[in-house]
Structure formats: structure tokens, C-alpha cells
Amino acid sequence: MAASAKSFLADAGYGEQELDANSALMELDKGLRSGKLGEQCEAVVRFPRLFQKYPFPILINSAFLKLADVFRVGNNFLRLCVLKVTQQSEKHLEKILNVDEFVKRVFSVIHSNDPVARAITLRMLGSMASIIPERKNAHHSIRQSLDSHDNVEVEAAIFAAANFSAQSNNGKILNMGTQSGIAALIKDYFTEITLGNKRDFAAGICNKISEMIQGLATPVDLKLKLIPILQHMHHDASLASSSRQLLQQLVTSYPSTKMVIVTLHTFTLLAASSLVDIPKQIQLLLQYLKNDPRKAVKRLAIQDLKLLANKTPHTWSRENIQALCESALHTPYDSLKLGMLSVLSTLSGTIAIKQYFSSAPGTAATTARSFDLVKLAQECCYHNNRGIAAHGVRILTNISASCQEKDLLPLEQDAVFGLEALLVLCSQDDSPGAQATLKITLTCMVKLVKCRPHLSQSVVESLLTQLHSAQDAARILMCHCLAAIAMQLPVLADGMLGDLMDLYKLIGRSATDKKQELLVSLATVIFVSSQKALSSEVKTVIKQQLENASNGWTAYRIARQASRMGNHDMARELYQSLLTQVASEHFYFWLNSLKEFSHAEQCLTGLQEDNYSSALSCIAEALKSYHKGIASLTAASTPLNPLSFQCGFVKLRIDLLQAFSQLICTCNSLKTSPPPAIATTIAMTSGNDLQRCGRISNQMKHSMEEFRNLATRYGDLYQSSFDADSATLRNVELQQQSCLLISHAIEALILDPESTSFQEYSSNGTAHVESEYERRMMSVFNRVLEEVESLNRKYAPVSYLHTACLCNAVIALLKVPLSFQRYFFQKLQSTSIKLALSPSPRNPAEPIAVQNNQQLALKVEGVVQHGSKPGLFRKIQSVCLNVSSVLQSKSGQDYKIPIDNMTNEMEQRVEPHNDYFSTQFLLNFVILGTHNITVESSVIDSNGIVWKTGPKTTIFVKSLEDPYSQQVRLQQQQGQPPSQQQQQRTAYSRF
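The rules behind the values
- Residues numbered from 1 in each chain as written.
- Predicted model: local features only at pLDDT ≥ 70, side-chain atom pairs only at ≥ 80, totals over all residues.
- Heavy atoms only, no water.
- Helix = DSSP H or I, 4+ residues; strand = E, 2+ residues; numbered from the N terminus.
- Buried < 20%, exposed > 50% of the residue type's maximum accessible area, 1.4 Å probe, protein only.
- Contact = heavy atoms within 4.5 Å.
- Areas by Shrake-Rupley, 256 points an atom, 1.4 Å probe, with all protein chains shown as cover.
- Salt bridge = Lys/Arg side-chain N within 4 Å of Asp/Glu carboxyl O.
- Phe/Tyr/Trp six-rings, centres within 6.5 Å; stacked < 30°, edge-to-face > 60°.
- Polar contact = N/O pair within 3.5 Å; in protein donor to acceptor, adjacent residues only side chain to side chain.
- Patch = residues over 30% accessible without salt bridge, like charges linked within 9 Å, V, L, I, M, F, W, Y side chains within 5 Å.
- Expected span 1.5 Å × (residues − 1).
- Pairing = 2+ DSSP bridges.
- Axes fitted to C-alpha atoms, helices over the stretch in contact; angles between N-to-C directions.
- Parallel < 35°, antiparallel > 145°, perpendicular 65-115°, else oblique.
- Left-handed = near helix turned anticlockwise from the far one by under 90°.
- Nonpolar A, V, L, I, M, F, W, Y, C, P; charged D, E, K, R; others polar.
- Lys, Arg positive; Asp, Glu negative; His and termini not counted.
- Charge placed at Lys NZ, Arg CZ, Asp CG, Glu CD.

1. Details of the overall build of the protein chain
Counting its regular elements, the protein chain contains 42 helices and 9 strands. The buried share of the protein chain, reckoned over its 991 residues, is 50%. Restricting to contacts in the protein chain with at least 6 residues of sequence separation, those with at least 24 account for 74%. Here the protein chain has roughly 46,100 Å² of accessible surface; of this, 52% comes from carbon and sulfur atoms.

2. Focus: the pattern of salt bridges
Using the criterion set out here, one finds 27 salt bridges in the structure. The salt bridge partner of Glu 153 is Arg 118, with a shortest N-O separation of 2.9 Å. On the criterion of sequence distance, the pair formed by Glu 153 in helix H10 (residues 151-167) and Arg 118 in helix H8 (residues 115-127) is long-range, its members being 35 residues apart. Overall, the relative accessible area of 19% leaves Arg 118 in the buried class. The salt bridge partner of Glu 412 is Arg 452, with a shortest N-O separation of 1.7 Å. Taken together, the residues span a long stretch of sequence, with Glu 412 in helix H23 (residues 410-426) and Arg 452 in the loop between helix H24 (432-451) and helix H25 (456-467) at a distance of 40 residues. The exposure class assigned to Glu 412 is buried, which follows from its relative accessible area of 7%. The class for Arg 452 is buried, based on a relative accessible area of 5%. Residues joined by salt bridges that share partners form a network here, namely Asp 69, Arg 72, Glu 101 and Arg 105.

3. Section: the packing of aromatic side chains
By the definition in use, this model includes 20 aromatic pairs. Considering the side-chain rings of Phe 660 and Phe 707, the 5.5 Å spacing of their centres and the 40° angle between planes classify their relative orientation as tilted. Taken as a pair, Phe 660 in helix H34 (residues 644-672) and Phe 707 in helix H36 (residues 696-719) lie far apart in primary sequence, 47 residues in all. Each member of the pair, Phe 660 as well as Phe 707, carries the same accessibility label: buried.

4. Comments concerning the side chain of His 92
Mapped onto the elements, His 92 comes out in the loop between helix H6 (76-88) and helix H7 (99-107). There is a polar contact of 3.0 Å between the side chain of His 92 and the side chain of Lys 95. Beyond its immediate sequence surroundings of up to four residues, His 92 is in contact with Phe 51, Pro 55, Ile 60 and Phe 64.

5. Quick look at a nonpolar patch on the surface
A cluster of nonpolar side chains, contributed by Leu 37, Phe 77 and Leu 80, occupies part of the molecular surface with about 260 Å² of accessible area. Assessed through its relative accessible area of 35%, Leu 80 is described here as partly exposed.

6. Here's the deal with H25
A rise of 1.5 Å per residue sets the reference length of H25, with its 12 residues, at 16 Å; its end C-alpha atoms lie 16 Å apart and thus fit the reference within 8%. Within H25, burial applies to Ser 456, Val 459, Val 460, Ser 462, Leu 463, Leu 464, Gln 466 and Leu 467.

7. Some points on the sheet that holds strand E3 (residues 855-866)
Read from one edge of the open sheet, 3 strands run E1-E3-E6, paired in antiparallel fashion. Edge positions in the sheet fall to strand E1 (831-838) and strand E6 (916-924), since each of these pairs with one other strand and no more. Adjacent strand axes in the sheet meet at a mean angle of 25° when their direction is disregarded. Where E3 meets E6, 9 bridges bridge the pair, whose relative direction is antiparallel. Opposite Glu 861, over in E6, you have Ser 918 as the bridge partner.

8. As for the packing of H34 against helix H37 (residues 726-751)
Relative orientation of the contacting elements H34 and H37 amounts to 20°, with a least axis distance of 12 Å. Comparing their axes, H37 and H34 come out roughly parallel. Crossing of H34 over H37 shows left-handed handedness. Along its contact with H34, which presents Phe 645, Phe 649, Arg 653, Leu 656, Phe 660 and Leu 663, the element H37 presents Thr 728, Asn 731, Val 732, Gln 735, Ser 738, Cys 739, Ile 742 and Ile 746. Residue classes in the contact of H34 with H37 are distributed as 9 nonpolar, 4 polar and 1 charged.

9. Focus on a negative patch on the surface
A contiguous patch of negative charge, built from Glu 609, Asp 610, Glu 786, Glu 787 and Glu 789, is present on the exposed surface. When you line up the elements, Glu 609 lands in the loop between helix H32 (585-603) and helix H33 (612-636).

Coordinates in, geometry out; function isn't part of it.
Structure (C-alpha cells):
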């Protein structure tokens, strides 16, 4: 059994997996048919893993039908197992093709005499509500079971009623592609019918629940379970209004604590979904918070206010915030004050804070009252409860960052003092609560420094001072904060490096996890603070400490940070020391490639302006190491980890260095290869003054085209990196901009100085740089643009000043140490698309036969697969499918056919639903022969940006002549006249 499990859980493509998937299904089906209950249960619970590995409708439909058979004939324990599998696989339910048969087999158990079996069936129907929202027999069974005398069955009916009511609000039909006008009308018609059926159930069940809740015979505990169903009654305005009136009556009629809590929370969820009643709900919750003496009710009101603050902060008026501030100022309970401050701190980071401080047309009293929030935050900054103090400084930080009024400027110092006090308090404590508070404090510090840079020096000094006496866990967080601040602003001067090195020596010889993490964090701060290359003393201290107290993984992480910060000499030494400490040859080649890349970048640090011969030798040495590194990197790749981004990035870097080297040689050719004697005559004859300079003109054209081609390739790499973090994408973008800058400089100085414009290349947004590498690159860009602009249209056509400007621009770009960003080493987000085409041949090399007078309906199905952190950086909004066909080989006679019929080019956008999408294409193959069909997918994120993620799938189609046309052609060849029927056939074919 274990061997078979391994065989069907192996990774492979869909076309190659089909046989394995069928084998796996047959293996599980064998377990389902076993006479032993244990084997049957084991087979049932293994189905979710099968769905995860093979998430396409053909297999899922067959598997669910088998599970429905088990549900129909099995005992209650097996039914419970099938129910759990169905609930775990909820997103695959829409892929069931035979829904009627599936429901029929499950629904047959509802007529059982066993109330437990009926209860499990009701829960099964509720779990399937997304695919059968309008089934009248299911609706009737739920209504009937609500009147049952068995508590288990009633609870199951409540569960099913809640699920069906929730589906009443979701009228979405899975979008299978773009529709024509008629198809859209048909879709709208059936959507309206479906929604009408759903509304019937929601309205009917609402009346039934209302009767049961208001009925005296219904127990209180049952009423508490029925009330939450009303939160789903918001798809219709009148139904939402009646549900709200019922809840209002319940709050008044049943003042017990449990009833008020359940009713108020349902009230809030209903308002949050219907949207129109949110201001009324905020007022109601504030009223209970202020007037109700029960702490449980107050806590529920605070919890719901926090929910509404997160969901709709724009609906909070100044009066609402003022009332919450007054309640927080007057409450004697710290737990309630903490909750209210949590709501206020959430609001302070949104648009609501600007509405609160906006100038009002009222009197001076209104303006004075508006500062109750500031008064509350100042009081809480030094509270003995850490959580209250944290929310207080967070409110002050958000106010300082959002509001730029002059009378609020003193709040900056209040925020800084409060943050420093919390830093001192929490850095001495190792408890989880103190660490959570410290994280809030350090986050506020980073935000405050980013918005108010003039406060950075005092904040950094307080962090460095406290770093010596803090606990190890707090030191790690403080180092992260220091690195985040220093990445934005160059605030860590060389004088502070000594304090960091002293602390690095004092860490000790312990090998605990905290010490290892602290070594990495502190080394990162040292790398950030060292704007230039590390001194030999600093490198010696780091290496000694790593030898004494670290393991190989810690050394690798520090080397990775050194590569990220541009300290390539340190990184090369660490990678070299790790080569003999790995057990896999793939890891060895990976480390060896990193060592060679670091050595290559280290060779470029010796570049000097105006020394072009040494620049060429440095670039040649770097290219030598890069070629060694790319060979090792290729050897380190595996089928499961192909290292495609890394290989693409390094190959582009190699080509960029070669282009730089070629440009310097081209500039030198003005001296080494002067123009011939007839160059002036050629220039006068051609009318191109640039020809007077000889062969350099053509070489410069080639260089400019090469840099533009490199910029295009960097853009393609950017578009293919959907899972990359923003810093990595910005790094790729900077490389692309450097290529465009050099091509622009060549055009502006030499090729076409008259028509060149500098407006589109003017730098803007340099204040928003996120790293030191970006800051230095932008500085080089600005300096090069200034020099090019100063030489533009001077000393025509080409002078030594022009070539020197180009060479110095190349050297200035290469002197900035390259930063290898996170995505080069680590993939935090993983997104892939798996496509399945039908019809598909059994053998990939075998073509699909199609007659030339027919169209091929190509169905494209796809599944979006995610890693452990889906949507961390960006989410898929829709998938763009592009289908194209190319004629590979032609057979038969060569007819004159319009160009439109020779190729197929189609594109459709589909929105995945539960990570699944499907659409169809109609393709024409009029020309006889073999056609190559390529289906390529790309994704569109929530911002509308297209990412070329792939995959690309290819199938072959053989277009055959239809038998009737073949018969007519043979008759014509034999000299027989065509019949009338043939003329009709031709006209039909043309139509």
C-alpha cells in the first residue's frame, strides 16, 4: 500500500499523470470495496490528497461518485468520513460533472429511520450547498428537519440552513471566458432564475426561523443557534430590513447576557454585509458600550467595533470616534480600555483620522473636543499596562505620520519619548507579551522615521544604546529595526560601527538558536552600516565569531546577507569556507556558483575613472568568474528546482558586462582606428556628418541596439517573476534602466543629438528609494544624465569628450556593487499553473485527426497551485490564455487560401474560481497538413499587470480532407463532371 501511495503521489505533468491518476483511483476503489471497515475508512480519508495531486474534473467526478456510493450503502461512521472529505474538498465540488447523480445517491439516505443518518445527510447537503443552492427537495428536507424532536437532527438542519442561506448571497456563475452578446443574455437569464430560487429559500427559511425564535415552545439554547442564520439575510433589501427589525426586537425582548451577545454579533455581521446600516450599527454598539454595565456585553461591543473599523473605517464619523474616546477616558477597567484603544489605533491608521482632525465649521468647543484622542493617547503612553501603552504610542505615531498641521508637531516628540520608554521596558523582558509589544514599538519607530526623517538620529541612538543591555530575543528584533531604518536612510555612521563590533564580540560562545539568529541580525546591521567595503578588522572579527559559535547554516545566512548588501569580498570568503560542509553535490555547485559570482563582482570594485585599459581587464576577469559560476549554477539546478530566475539574471549580467566591454572598446577605436582619408567625401555624399568618424558610427549603432535588446530582456525577466518580492523586482528594474540610460546616452551624444529629449529620462521619485543600492544607482543615473545633457549638441559629430563620457558612465555603473536580492536565494511565494487540454492524444508526439471542413473545439482547463504563503506579494485576478497555431507541414495540392484561414490567433481571459478555470476555443484547419497548436498562459494580478508566468503547452493536429471532397477531387481527376450535390456542398463549406 505504501508503494502504491508513493506511485500516485509522485510529481508529473497532467498528460503523463493520467494513467497514474487512474491507477491511484482504482487502488482507492479497491479499498472502498474491501470487507474490512478499517480499510474502507483509510481509503476514504486518502481522497483529499488524491484531489490535491490531480485536481481536474474527470478524476474528481469519478471519485465523488464512488464516495456517494459509500455514503449510500455504508454505516454512519463511513458516512461521517465521507462528510469530512467533502468538507475538506469544498473547492473541488464545482468540478463534479454529474451533479444530479451525486445528489441522488446522497439524498437517498434522508429517508432513513435513523435520525443520526439523516443528520449526517443534512450536513452533507449543507456542505454541498455551493453546487445545489436551488434544489427544492433539499430545501424541503431542511424545513422538515427543523421540526424534528431529535436534537442532533435539528442542529444538522440549522447547519444546512445556514449554508444554503449563505449561498443565497452568492449569485456568481463560474466565468468560463468571454461571452458574446447572446451568450451573456442567456447567462443573465439563467442567473436571474437561479437567484430567484435562492431568494425563495432565504425568504422562506427566514420566516420559519423567525417563527421558531419568537415561539414560546422553542428552547433558549436552540434560539441561540438559530439567530446566527440571520446574518446571511442580506441579499435582498427588504429581507435585510425585516431581519434587522427581528434582531432589534430580540435585543429588547431577551435582555439576558448570552442572548444579547449572540444577537448583537449577528446584528454586526448583517450590517457589515449589507453595508447600508453600518453607521446605525456603530451607534448601537457605542450605546451598549457606554450604557450596559455587563463586561461581557462591553467586550462583545468592542470586538464588533474592531471588526467594523477594519472593514469600513470611512463610515466612522467624528462623533463616533469622540464617543469611543470618552468611553476609554472614563472606564476604570484596563481590559476594556485596552480593547477601545485597539479600535482607535486601527482607526488612526486609516482615512478616519483625517476626518477626525479635519477643520469643522462648528465652534471652538467642537475643535477643542476633537483633541480628546490626543489626550487619551498621551495619558496611555506611560501606562503600567504594556498593551495600553503600545496602542497609545501607535495612535501618536499614526497621527504624526498622517496629519501635517503645525499644532500637531509637538506630538512627534511625545511619540518618540513614548517609544523610547516602551523600548527600555520591553527589551529587558523575554515574555511573549513583552516581545509582541516590542514588535509594535519597533514597527512604529520605522514608520515614524520614514515619515519624519529628522527624527531618525535620536531613534537610532536610543536603539544602539539599549542594544547592549537588552535580552537576546529583543536584540534580534532591534537589529531588524535598525536594518530597516538604515535601508531607508543612511543614518548609521562609521562612528557607530565600533559599538556594533563590540557587541558582536560580546555575544559569547553559546550555540543556542537565539544566539545564531542574533549573529545573523547583527551582521546584517554591520553590512548595512558599512557603506563602503568592510575593513579587514571587521571581517576578522566576524569570521572568528562564526568559527567559535556558529554552524554552517548561520554562516550561509550571513554570506547571503553580505551578497544582498554588496559586500562581495566577505561573501566570497564565507562561501569558500562552506564548500566542504555540504553533503549534496547540488548544494556544492550552488555554493561554488555563489562564490564565483561574488569573486566576479569583487573584481569590479577596483575600477577607476579615466583608466579604461584597467577597466577592460577587470571586466574580463569578472566575466571569467561569471562563466565559471553559470556552469556551476546549471549543474546545481534540478527538475524540481530549475533555478530559472537565477540563471536568467546571471546570463543577463554576463551579457551586460560584455556589452559594457564592447562599448569601451568602441570608444577606444576612435583613437586606435582613425577614419580613412575618404571619410569626409563619404559623409558629404551620404549627407550624414557622422560618417566622417569612420567605423565608429556603425559600431555605436550596434552597441545602442544591443543595450536596447538587453533592456527588453530585463523586462521579460521582470514579467516572468510573478512570485518575486518588490525589492528583487526593483533591482531588475534598475538593471533595465541602466541599459536604457547607456542607449540614450549613445543616441544623445553621437547618433542623433538633435532629436533627443531629456524630459522622459528626468529622474523623479528619488525620495522614495528603499535601499542603499537603489540610492547609489539613482545618484549615478542623475550624474550621467547631467553630463550627457551638458555635452549634447556640442563638439559634433564625435569627440573624445563624448567617448570619455560614455566610458565614465559605464565605470560609474559598474562601481556600484551589485545587490543579489532575496528572490535570488529564497522563494517566499510560490504560484504555478497546471494546464490540461482536451482532446489530447495518448502519445504527445501523435497528432489529433481533424477534417478540414470542421472546427476543432479545444477545451483548456487549468488549476492554480500555491505554496505555503499564497498571495504574499500579489494575487491572481485572472488568467490570460493565448492559443496560436502554425502550419508545420503541408500535404495535398496547394490551393490559394486567404491568409485568415492559415493561422489561428485567439486570446481569452478567465477568472479562476477556487483556483480552477476552464474555457474553450474553436479552431479552423482549412489547409491540409500538420499544425502545431501552442497554448500559453499568463496571469493578471489585482493591479491589472500582466505576468508571463507560463506554462506553454503544445499539441499537434493533422488536418485531413473530408471524404466527400476527396471523392469529388478523384472524379475531377478522372474527367467526370461534378454533380449538383457537390456544388451545394461547396456553397455550404464556403458558408
